[in-house]
Amino acid sequence: EVREWDSCLIIYKCQRDTMRYGYGGVTSTSRGKSFSRFQTMKKDPPPAIGHSISRFELWYQKRPDGGDFEIRVDDRVAKVVSTRAAAVSDDVETIRVPDGEHSFEVAAIGSGVARAYGVVMEREGPGVVWDELSLIGSFTQRLDHQDAKHLAAQIERRNVDLMVFILGGNDLSRETTDLKRNTDPYEREYARVIRKFRAGKPQASCLIMSVTDHAERVGGAIVSRSIVARLAAAQRKVAQQEGCAFYDTYGAMGGAGTVERWRKADPPMAAPDLRHPTLVGQRFIGNALYQALMKAYASYRGRQEGQPLPLAPVAER
């Protein structure tokens, strides 16, 4: 009998035995037999990305009661990975294949506790990799639940060059509790989270994007919640304190009253929940960030005029 994986997200603090949630903040565990399939995109003509792969990685946990993973490539067994070890630790199994279309299967074969953090599917050669680690419903402090050494090793292995943090939407609910008087508790916990991530690669660049505008209905009016501006200011303070760049998303949107104006736009730029931007609003925020980055880059190039630009470090695998 093949069963579903038992998934555990860091937002629920459900990994109480090790506090190891992996790079993406989620673990998948099987104490019996479980199975997942991954494959490149099959379209004609091939899409711009996702149609070829040359490297597959399984990120997993080793433990005294560890079981086995079976990795199949194109319906053939390529590797059986034992996760049994004297002590809890982490490892990565890498499978290299000819660049092209492939399918991969990861199966727990029921010989113990098989716990995975996720998989990587990539190609060799130049390019940009964007890892999107969205944890829907997460409070900022939940990311502090990661074991520090474990998270640092995961970041180091992934060899991240830029870390971008945009958090705080759920923390707005604390405006009547511990953040009613000041944002000191939030600043302390956000700083701890930033330090845990940056410990994996201190030389990596860091960008904190502020919380977006959130509103509520007061009578017949849509009014921005007062804590939004306070939390955005707290995030700016953390960025300055931790040596990260800061982007004022809230200010770039228009500050207080943005959600009201965006709801009245045609098409609407804010969702009916008065918290999330619509696709149109998301594109506005993305374009505004791009414009800010390009303006800053042009200014930098102007200051560097007549001088060679520094070479970017080459990642090693």
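Because the structure is predicted, anything quoted here is derived from the model rather than measured.

A. Region of the structure containing helix 2 (residues 184-198). Counted at 1.5 Å a residue, the expected span for helix 2 with its 15 residues is 21 Å, and the 21 Å between its end C-alpha atoms agrees. Buried residues of helix 2: Tyr186, Glu187, Glu189, Tyr190, Ala191, Val193, Ile194, Lys196, Phe197 and Arg198, and no others. In this structure, the buried side of helix 2 is in contact with helix 1 (148-158), strand 10 (162-166), strand 11 (205-209) and helix 3 (226-242).

B. Main features of helix 3. Compared with an ideal rise of 1.5 Å per residue, which puts 17 residues at 24 Å, helix 3 spans 25 Å between its outermost C-alpha atoms and is within 8% of the ideal. Buried residues of helix 3: Ile227, Val228, Leu231, Ala232, Ala234, Gln235, Val238, Ala239 and Glu242, and no others. Along helix 3, the residues classed as buried sweep out an arc of 160° about the axis, all on the same side. The outward face of helix 3, more than 90 degrees from its buried face, is lined by the exposed residues Ser226 and Gln240. Packed against the buried residues of helix 3 are helix 2, strand 11, strand 14 (245-247) and helix 4 (249-253).

C. Representation of the nonpolar core. If you look at the biggest cluster of nonpolar residues, it comprises 38 residues, and the most contacted ones within it are Phe165, Tyr190, Ile194, Phe197 and Ile208. Counting only elements with at least two residues in this core, the list comes to strand 9 (114-122), helix 1, strand 10, helix 2, strand 11 and helix 3. Excluding its chain neighbours within four sequence positions, the residues that come into contact with Ile194 are Phe165, Cys206, Ile208, Val238, Glu242 and Cys244. One finds Trp5, Ile71, Val97 and Ala116 within the second-largest nonpolar core, a separate group that totals 16 residues.

D. Region of the structure containing the sheet that holds strand 2 (residues 26-30). Strands sit in the order 1-2-9-4-7 across an open sheet of five strands; the sheet is antiparallel. Every interior strand has two partners, whereas the edge strands, strand 1 (6-9) and strand 7 (89-100), have only one. Geometrically, the sheet is characterised by an average inter-axis angle of 30° between neighbouring strands, direction not taken into account. When strand 1 meets strand 2, the two strands line up antiparallel, connected through four bridges. Pairing of Ser7 across the sheet is with Ser28, part of strand 2.

E. Region of the structure containing the side chain of Ser52. Following the sequence through the fold, Ser52 ends up in the loop between strand 3 (33-39) and strand 4 (53-62). Residues within four places of Ser52 in sequence aside, it is in contact with Thr40, Asp99, Gly100 and Arg123.

F. How the structure looks around the environment of Ala234. Summarising the element assignment, Ala234 is placed in helix 3. Assessed through its relative accessible area of 2%, Ala234 is described here as buried. Counting along the chain gives 63 residues from Ala234 to Asp171, while the straight-line C-alpha distance between them is 12 Å.

G. Highlighting the pattern of salt bridges. Counted by the stated rule, this structure contains 30 salt bridges. Residue Arg158 pairs with Glu122 through a salt bridge whose shortest N-O separation is 2.5 Å. In this pair, Arg158 is assigned in helix 1 and Glu122 in strand 9, connecting sequence segments 36 residues apart. For the residue pair Arg158 and Glu122, the accessibility class agrees, reading buried in each case.

H. How the structure looks around the pairing of strand 11. Counting buried positions over the five residues of strand 11 gives four, a clear majority of the element. Each parallel crossover has a hand, and the one from strand 10 via helix 2 to strand 11 is right-handed. With three bridges joining them, strand 11 and strand 14 adopt parallel strand pairing. By the bridge assignment for strand 14, Ile208 is matched with Phe246.

I. Quick peek at the packing of aromatic side chains. What the rule picks out here adds up to eight aromatic pairs. Here Phe56 and Phe104 contribute two aromatic rings whose centre-to-centre distance is 4.4 Å and whose plane-to-plane angle is 5°, an arrangement assigned as stacked. Taken together, the residues Phe56 in strand 4 and Phe104 in strand 8 (residues 103-109) connect sequence positions 48 residues apart. The residues Phe56 and Phe104 share a single accessibility class, namely buried. Where Trp262 meets Phe284, the ring centres are 5.3 Å apart and the plane angle is 80°; that geometry is what we call edge-to-face. Pair noted here: Trp262 is in helix 5 (residues 258-264) and Phe284 is in helix 6 (residues 279-303), with a separation of 22 residues, a long-range link. With relative accessibility at 7%, the residue Trp262 sits in the buried group. For Phe284, a relative accessible area of 35% translates into the label partly exposed.

J. Representation of the state of the cysteines. As enumerated under the stated definition, the model contains two disulfides in all. Here Cys8 pairs with Cys14 through a disulfide, and the sulfurs are 2.0 Å apart. Because the torsion about its S-S bond is 115°, the bridge between Cys8 and Cys14 counts as right-handed. Across the disulfide from Cys206 sits Cys244; the S-S distance is 2.0 Å. Taking the torsion about the sulfur-sulfur bond, which here is approximately 80°, the covalent link between Cys206 and Cys244 counts as right-handed. Placement of the pair is Cys206 in strand 11 and Cys244 in the loop between helix 3 and strand 14, with a sequence separation of 38 residues.

Conventions adopted
Residues numbered from 1 in each chain as written. Predicted model: local features only at pLDDT ≥ 70, side-chain atom pairs only at ≥ 80, totals over all residues. Heavy atoms only, no water. Helix = DSSP H or I, 4+ residues; strand = E, 2+ residues; numbered from the N terminus. Expected span 1.5 Å × (residues − 1). Buried < 20%, exposed > 50% of the residue type's maximum accessible area, 1.4 Å probe, protein only. Contact = heavy atoms within 4.5 Å. Arc of directions from axis to C-beta. Core = buried A, V, L, I, M, F, W, Y, C linked by side-chain atoms within 4.5 Å. Pairing = 2+ DSSP bridges. Axes fitted to C-alpha atoms, helices over the stretch in contact; angles between N-to-C directions. Salt bridge = Lys/Arg side-chain N within 4 Å of Asp/Glu carboxyl O. Right-handed = clockwise from strand over helix to strand, strands pointing away. Phe/Tyr/Trp six-rings, centres within 6.5 Å; stacked < 30°, edge-to-face > 60°. Disulfide = S-S within 2.5 Å.

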